[in-house]
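Spelled out, the chains give:
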Amino acid sequence: MAEKLQAIRGMNDILPGESARWQFLEQAVRDVLDQYGYQEMRMPLVEKTALFCRSIGEVTDIVEKEMYTWQDRGSDKKEGELLSLRPEGTAGCVRAGIQQGLLVNQQQRVWYQGPMFRRERPQKGRYRQFHQIGVEAFGIEGPDIDAELILLTARLWQRLGIKGLRLELNSLGTSESRQQYREQLVNYFSGHIDQLDEDSKRRLESNPLRILDSKNPALADIIAAAPSLPDSLDDESKAHFAALCAVLDNAGIDYELNPRLVRGLDYYSRTVFEWKTDQLGAQDAVCSGGRYDGLVEQLGGRSTTAVGFAMGVERLLALMPETNERDAKPHVYMVLVGDAAQAKGVAIAEALRSHQRAWRVLVNAGGGSFKAQFKRADKSGAAVAVVIAESELENDTVVVKPLLTDQEQQTVPVAALADTLEQQLA
Ligand code: HAM
């Protein structure tokens, strides 16, 4: 027998029984974003590798270890370019915004959704193909827009029935103040170089802020005693951050200040935030983001402030209560015995779908005895079976049989079927 082909580890199928939950979440997100005036954007799944190197940063886990990258086929004259599956959406969104002229002298509020790809070690809540919904706002400098994004997420958790998330906030300051802080950190950690692990030694020169993010318990004491980021902030960033906190206080949003929150991507400045859960083990971030005021210019656009976040759909779904999903079960299952009944039943089903757009009407296909068809009807979870066989054909009637209650079945004229179903399904 031929070897069975399997999906790639960490890349999951979303099965028919699961998709209703996904759709419920996606619809709730769409509704909430619409309320705040955000418009959807769709970007390619593949971009030039250089885009991700220049935005996320050369010395980040994502770019160093996790991207799916290959060389495109070239031509006689030219070597093929390096391309990558997108590991996140911000880089492509900014690239598109610059290329399509969406960012110059204007404000933009946009969102996107779809699969992202990172070659991480798969575990609960961490996949190689995972799904993000990302939201980005361009051209607005003040903390009001940072606050809007956070309020929007809080509203979304409420819509989805997700409880117990914690909001962590920090400010990384401007790139100048971050540069100064970087130097302080390099000095400090250089003084403790023999206590650092290999990863942190490597980061000391390239990306010392990421040492603060280390999960190695052996480094906890040195990290705790490191110079503090908030102390080194420039005055403008301090004021920006204080104003954000004031809006959140006013709106009754709880948050924790976490001076060690530095994020794993290099493009951030000023505000960074993460919504975290205690229910998913190590994969505790469900929604993360912040300001990236320098990125548009860094990628060749005119200097434009920006702020955004992305949420992990799989992680949110794991936290969403069961009761929340849209019911995908049919309202009606048509049991049709014989060829003539089949033909008539199809026409009746079409009429029912025109009568009520919300009704899901499943027509038995592939024939079968009464018994076999009723078995399928029960399995489908339909509320009502509409039955047509020989005697119904003769009398121009149908039998309406409730499947989920003990109610008696009734025989009604075809002309009265829609009204009868209205009552039954109310
Ligand atoms: P990120 O923190 O890398 O940020 O990812 C955002 C969210 O995606 C995480 O909080 C997590 O919920 C989810 N996520 C990340 N990796 C995985 C994975 N392997 N499996 C499952 N879920 C995952 C960004 O991607 C930035 N682009 C966010 C942003 C937008 N910042 C500004 N604008």
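Attention in this report is confined to the structure presented alongside it. None of the values given here were measured: they were computed from a predicted structure.

## A word on the overall build of the protein
1) Next: Scanning the protein from terminus to terminus reveals 15 helices and 16 strands.
2) Next: Against the 2.2 N^0.38 benchmark of 22 Å for 426 residues, the protein shows a C-alpha radius of gyration of 28 Å, more extended than a compact globule.
3) Next: The dimensions of the protein, computed from C-alpha atoms along their principal axes, are 95 × 60 × 45 Å.
4) Next: A total of 426 residues make up the protein; the buried ones form 50% of that total.
5) Next: Long-range pairs, those at least 24 residues apart, make up 69% of the contacts in the protein between residues at least 6 apart in sequence.

## As for the pattern of salt bridges
1) Next: In total, this model carries 24 salt bridges according to the counting rule given.
2) Next: A salt bridge links Arg 42 to Glu 40; its shortest N-O distance comes to 3.1 Å.
3) Next: A salt bridge links Glu 274 to Lys 276, with the nearest nitrogen and oxygen atoms 3.6 Å apart.
4) Next: Its relative accessible area of 12% is what places Lys 276 among the buried residues.
5) Next: One network of salt bridges, in which partners are shared, links Asp 61, Glu 64, Lys 65, Asp 199, Arg 202, Arg 203, Arg 210 and Asp 213.

## Considerations on helix H9 (residues 235-251)
1) Next: With 17 residues, H9 extends 25 Å from end C-alpha to end C-alpha; this agrees with the ideal 24 Å at 1.5 Å per step.
2) Next: Tucked inside the fold, the buried residues of H9 contact helix H5 (143-160), strand E7 (166-171), strand E8 (256-257), strand E9 (271-276) and strand E10 (285-291).
3) Next: Following H9 by one or two positions, Gly 252 has its phi on the positive side, about 75 degrees.

## Regarding the packing of aromatic side chains
1) Next: For the structure shown, the criterion picks out 6 aromatic pairs.
2) Next: Taking 6.2 Å as the distance between ring centres and 85 degrees as the angle between the ring planes, the aromatic pair formed by Phe 138 and Tyr 292 counts as edge-to-face. Of the two residues, Phe 138 is situated in strand E6 (residues 129-138) and Tyr 292 in the loop between E10 and helix H10 (295-298); the sequence distance between them amounts to 154 residues. As far as burial versus exposure is concerned, Phe 138 and Tyr 292 are alike and both buried.

## Regarding the site of the ligand
1) Next: The environment of the ligand is formed by 26 residues, the closest being Glu 88, Glu 120, Glu 136, Tyr 268 and Ser 288.
2) Next: The side chain of Tyr 268 places a nitrogen or oxygen atom 2.6 Å from a nitrogen atom of the ligand.
3) Next: Expressed as a share of its isolated accessible area of 660 Å², the protein-covered part of the ligand is 96%.
4) Next: Looking at the shell around the ligand, the elements that each hand over two or more residues are E6, E10 and strand E11 (306-312).
5) Next: Residue contributions to the shell around the ligand peak at 6 residues, all from E10.

## Considerations on the pairing of E7
Side chains on a regular strand alternate between the two faces of the sheet.
1) Next: In terms of residue burial, E7 counts as a mostly covered element, since 5 of its 6 residues are buried.
2) Next: As judged from the 6 bridges shared by E7 and E9, these two strands associate in the antiparallel manner. Counted as the bridge partner of Leu 169 is Phe 273 from E9.
3) Next: Taken together, the 2 bridges between E7 and E8 define a ladder with parallel strand orientation. Looking at the pairing, Glu 168 lines up with Glu 256 of E8.

## Some details on the state of the cysteines
Covalent bonding between the sulfur atoms of two cysteines defines a disulfide.
1) Next: Under the counting rule described, the total for this entry stands at 0 disulfides.
2) Next: Left without a disulfide partner, Cys 245 is nearest to the cysteine sulfur of Cys 287, which lies 17 Å away.
3) Next: Cysteine Cys 287 remains unbridged, with the sulfur of Cys 93 as its closest cysteine sulfur at 15 Å.

## A short note on the nonpolar core
1) Next: Judged by nonpolar contacts, the single largest core of 45 residues is most densely connected at Phe 138, Phe 189 and Leu 212.
2) Next: Only helix H2 (49-56), helix H3 (61-66), helix H4 (90-99), strand E5 (108-117), E6, helix H6 (175-190), helix H8 (220-224) and H10 provide two or more residues apiece to this core.
3) Next: Core analysis: the second largest hydrophobic core is formed by 42 residues, Tyr 38, Ile 140, Leu 248 and Met 320 among them.

## Notes on a nonpolar patch on the surface
1) Next: A cluster of nonpolar side chains, contributed by Leu 45, Val 46 and Trp 70, occupies part of the molecular surface with about 220 Å² of accessible area.
2) Next: Position of Leu 45 relative to the elements: it lies in the loop between strand E1 (39-40) and strand E2 (46-48).

## Observations regarding the packing of helix H1 (residues 16-35) against H5
1) Next: Where H1 meets H5, the axes come as close as 10 Å, and the angle between the chain directions of the two elements is 140 degrees. Crossing of H1 over H5 shows right-handed handedness. Counted together, Phe 24, Leu 25, Ala 28, Val 29, Asp 31, Val 32, Leu 33 and Gln 35 of H1 and Leu 152, Arg 155, Leu 156, Arg 159 and Leu 160 of H5 form the full contact between these two elements.
2) Next: Taken together, the residues of the contact of H1 with H5 break down into 9 nonpolar, 1 polar and 3 charged.

What counts and what doesn't
Residues numbered from 1 in each chain as written. Predicted model: local features only at pLDDT ≥ 70, side-chain atom pairs only at ≥ 80, totals over all residues. Heavy atoms only, no water. Helix = DSSP H or I, 4+ residues; strand = E, 2+ residues; numbered from the N terminus. Rg over C-alpha atoms; globule rule 2.2 N^0.38 Å. Buried < 20%, exposed > 50% of the residue type's maximum accessible area, 1.4 Å probe, protein only. Contact = heavy atoms within 4.5 Å. Salt bridge = Lys/Arg side-chain N within 4 Å of Asp/Glu carboxyl O. Expected span 1.5 Å × (residues − 1). Phe/Tyr/Trp six-rings, centres within 6.5 Å; stacked < 30°, edge-to-face > 60°. Near = heavy atom within 4 Å. Polar contact = N/O pair within 3.5 Å; in protein donor to acceptor, adjacent residues only side chain to side chain. Areas by Shrake-Rupley, 256 points an atom, 1.4 Å probe, with all protein chains shown as cover. Pairing = 2+ DSSP bridges. Disulfide = S-S within 2.5 Å. Core = buried A, V, L, I, M, F, W, Y, C linked by side-chain atoms within 4.5 Å. Patch = residues over 30% accessible without salt bridge, like charges linked within 9 Å, V, L, I, M, F, W, Y side chains within 5 Å. Axes fitted to C-alpha atoms, helices over the stretch in contact; angles between N-to-C directions. Left-handed = near helix turned anticlockwise from the far one by under 90°. Nonpolar A, V, L, I, M, F, W, Y, C, P; charged D, E, K, R; others polar.

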